Amino acid sequence: MDYRGILSRRRAARSRPEDPGRGDISHLLFVTARPGIQLLWTVLVSATLVYTLVQSGPKHWWAVALMLGSFAVVIVGNHFFPFDEYKPVLFFVLMVASLALTAGIVYLTGNRESLLGFLFFAVPIFASAYYGYPGTLLVSLLTALVRYIPFMGAGVTTLEHVSLALSALTYVFIGMMSCYVVEGEKMYARESGEYRHLLELSRHRERDISRIYNLSRRFSYTLDIDTILKTTAALARQMLSAEGALLFLVEDSRVELKAALGLLPFTDLQPIVVPSDRPWKARLERGEPVIIEKESLDWLPLPPEAAGNSHNLAAVPLFMGGDVAGYVVCFSEQTRPMRSSSLEVLSTIASQAAMAVEKARLYETTVEDKAKVEAILGTLRDGLVLTDEHGTIVEANPVFDSMLSPVGEVVGSPLAEVLSGAVTEVEIGGLSLQEAVLATLEGRTIFGEMTISRDSRIAVQAHLIPLRDPMSRNAGMVLFLHDITDLKRVDEMKSNFVSNVSHELRTPLTSIAGFVSLLLAGRAGSLNPEQEKYLKVVRQQSGNLTRLIENLLDLSRLQASPQKALRERADFYELASACCRQFARTAQSRDIEVRLSLRDGLPDVSVDAGRISQVLTNIIDNAIKYSQPGGLVEVSAAENGSFLQVQVSDTGIGIAPSSLPHIFDRFFQAHPGDAEDPTGFGLGLAISREIIEMHGGRIWAESDLGRGSSFYFTIPVHQ
Ligand code: ADP
């Protein structure tokens, strides 16, 4: 009898709690009692044989034969169908054979008087270990019947019948009792088996979790993608107790083997083409984890000894940014199946790896981007500074540093403070530096000019741009400082030149106009019509030239001393109505209505009245000039905080959107020659802007091409 075999099967059975009827005590009962009993039987059988053959003679030959047969059945049956395996029919045959053997021994050793009758007890006891209550009851009754057989026939006393009935009851009782004990043991064993299984499972889980935790910890400080992939493959292989692990990444729509453990050494990595006819590949690409059985790995460059074998595979996709960006594949020999629980573990490892790879890639990109930004900042000719959402400098390029070098190290300091320490003059839409920074952080883009005073004065054009994060929240700002010192110098030279030339031209022009007037007045004799016509042209052109020169001189005067606005309290209604009155005749001649729509109670303004009249006159003049007969020019005003906002609207030809931003530039004409009176030089609005800004106000225009324009300006209200 191979008890070691039974024991090992038993051990294997214990790890399968789903098998019912496998109890420790019952197992012990069979494993320890059976050899003893069989030894006893063997001794008894041998002794009985000797006794029967020597003492009883041939009258017991059938009993001897039955006994020998049963003995053989028990031995052979035990060998091929051990009690350990639950096979009811075979076990029943075995049980009957055991019973026959017991009966044979009992009858041969003394029939009804045999003291070995107790051996019958062994049968219900054994039966109880394998059958439930009904089976044991049946075997007990069968045992009682076998025990009763010799009492059948004549000469049996009532007392013997009674003792027989009592022994039948005893068999049943013993069978039921041991059934009760064994059932209890079975239940206990089942429960403790399940408990052990659960415990083992939870230990497995705990180990898995701690391994995955360690993995994520390692990933948290690893930014090397190669290390991440190799660690992932190693852990996947270890946790699945797999023969090997492979890690693929999809790069430029090619599947590349990035890490391999097991049959392939790391050094042998090369681009691998996973054959597209494998159905599992398509499933992986769709994002499904898969278990594949008996798969040929012929697409891998395996060593010759492993090339022919087929393997079991467990594979999961690697998701990055919602897409399948690779696969983790574990494989084992064909004899070792992959369990579906492996997929959960593998998926967890894969998602940790995917996160780590994404993080590492992000880091790589950030480092690359940073290097690019630093290279750009280093070569930029403009000063550039970047702040955080509070306006604190986080990055400044060398040009910015050199522009503000007396300030020293600027990173970490508030931008407004750094600028205030070096900037002497600011012109950014009437805002202070502090206000400009705050307005930019709130989302406004601001242009302006500043003068930075250090060893020398640097004039810069400042461009403050807000930065927004993907949720459109304040993420800081960028300030560009473009050095325009040279431009300013050239501009100043040009202005001086224009101003000087204009001055020089004014005197001869005055005498030209004077002498032409004398000639036209006939002071030098009468003129023929042709001479008169030519002289009138000279007078008109010199008049135009004089106006141009006056405008130029005016503009250069304004630019030379922009701060000097002579402010006095003025009634805007009076000022505006005087302007409108000037155009009464012109407007009438062109069939254009000039309407003054001012409500009562407008506050007085604090302005240089002559200059503001100049602005209003220029705008109304343009409105009439660029309107068709039948048009309307309307002047209105409304109080807006500490300013009065004036609006001049017309129903004229309008301004193209592309020209609109430039109409306040010097010499700019949106439609030269279109107007009926092409006497403009493109200076009127430039002068107007200087005047309005000199008052701390703003001037702008809106227009609908072909439908009309509206010009707005603001002037301070008298406080
Ligand atoms: P100009 O003396 O040429 O009118 P301005 O500086 O006053 O010069 O105006 C600049 C340009 O703006 C004009 O040439 C014209 O093209 C355009 N413009 C000004 N006002 C109007 C308006 N009300 N309607 C249409 N275009 C206008």
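All of the points below concern the structure found in this document.

Conventions and cut-offs
Residues numbered from 1 in each chain as written. Predicted model: local features only at pLDDT ≥ 70, side-chain atom pairs only at ≥ 80, totals over all residues. Heavy atoms only, no water. Axes fitted to C-alpha atoms, helices over the stretch in contact; angles between N-to-C directions. Helix = DSSP H or I, 4+ residues; strand = E, 2+ residues; numbered from the N terminus. Parallel < 35°, antiparallel > 145°, perpendicular 65-115°, else oblique. Left-handed = near helix turned anticlockwise from the far one by under 90°. Contact = heavy atoms within 4.5 Å. Pairing = 2+ DSSP bridges. Salt bridge = Lys/Arg side-chain N within 4 Å of Asp/Glu carboxyl O. Phe/Tyr/Trp six-rings, centres within 6.5 Å; stacked < 30°, edge-to-face > 60°. Buried < 20%, exposed > 50% of the residue type's maximum accessible area, 1.4 Å probe, protein only. Lys NZ or Arg CZ within 6 Å of the ring centre and 35° of its normal.

Interaxial distance between helix α17 (residues 572–582) and helix α19 (residues 609–625) falls to 10 Å at its minimum, and their mutual angle equals 45°. The orientation of α17 with respect to α19, classified from their angle, is oblique. Between α17 and α19 lies a crossing whose hand is right-handed. Between α17 and α19, the contacting residues are F572, L575, A576, C579, C580 and Q582 on the first element and A609, I612, S613, L616, T617 and I620 on the second.

The subject of this paragraph is the sheet that holds strand β2 (residues 254–261). Across the sheet, 5 strands lie side by side as β2-β1-β5-β4-β3; this open sheet has antiparallel pairing. The open sheet terminates on both sides in strands that have one partner only, identified here as β2 and β3 (290–296). Along the sheet, successive strands turn relative to each other by an average axial angle of 25°, direction set aside. Direction of pairing for strand β1 (residues 244–251) relative to strand β5 (residues 323–333): antiparallel, over a ladder of 6 bridges.

Our focus in this paragraph is the pattern of salt bridges. On inspection of all chains with the given rule, the structure shows 18 salt bridges. Residue E288 pairs with R283 through a salt bridge whose shortest N-O separation is 3.1 Å.

Centre-to-centre distance and the angle between the planes together describe a pair of aromatic rings. Overall, the coordinates contain 3 aromatic pairs when judged by the stated rule. Here the aromatic rings of W700 and Y712 are separated by 5.2 Å at their centres, their planes lie at 10°, and the arrangement is stacked. Placement of the pair is W700 in strand β17 (residues 699–704) and Y712 in strand β18 (residues 708–716), with a sequence separation of 12 residues. The pair W700 / Y712 is uniform in exposure class, with both members buried. Sitting above the plane of the W700 ring, R698 keeps its charged end 4.5 Å from the centroid.

Time to look at the sheet that holds strand β16 (residues 643–650). Taken together, the 5 strands give an open sheet; going across it, the order is β13-β15-β16-β18-β17, and neighbouring strands pair in mixed fashion. The sheet is open, and its two edges are formed by β13 (593–597) and β17, each paired on a single side. Taken pair by pair, the neighbouring strands of this sheet meet at an average axis angle of 15°, ignoring direction. With 8 bridges connecting them, strand β15 (residues 632–640) and β16 associate as antiparallel partners. In the sheet register, E634 faces β16, and the bridge partner there is S649. Here α17 sits on the sheet and contacts β13, β15, β16 and β18; the angle it forms with β13, its principal contact strand, is near 175°.

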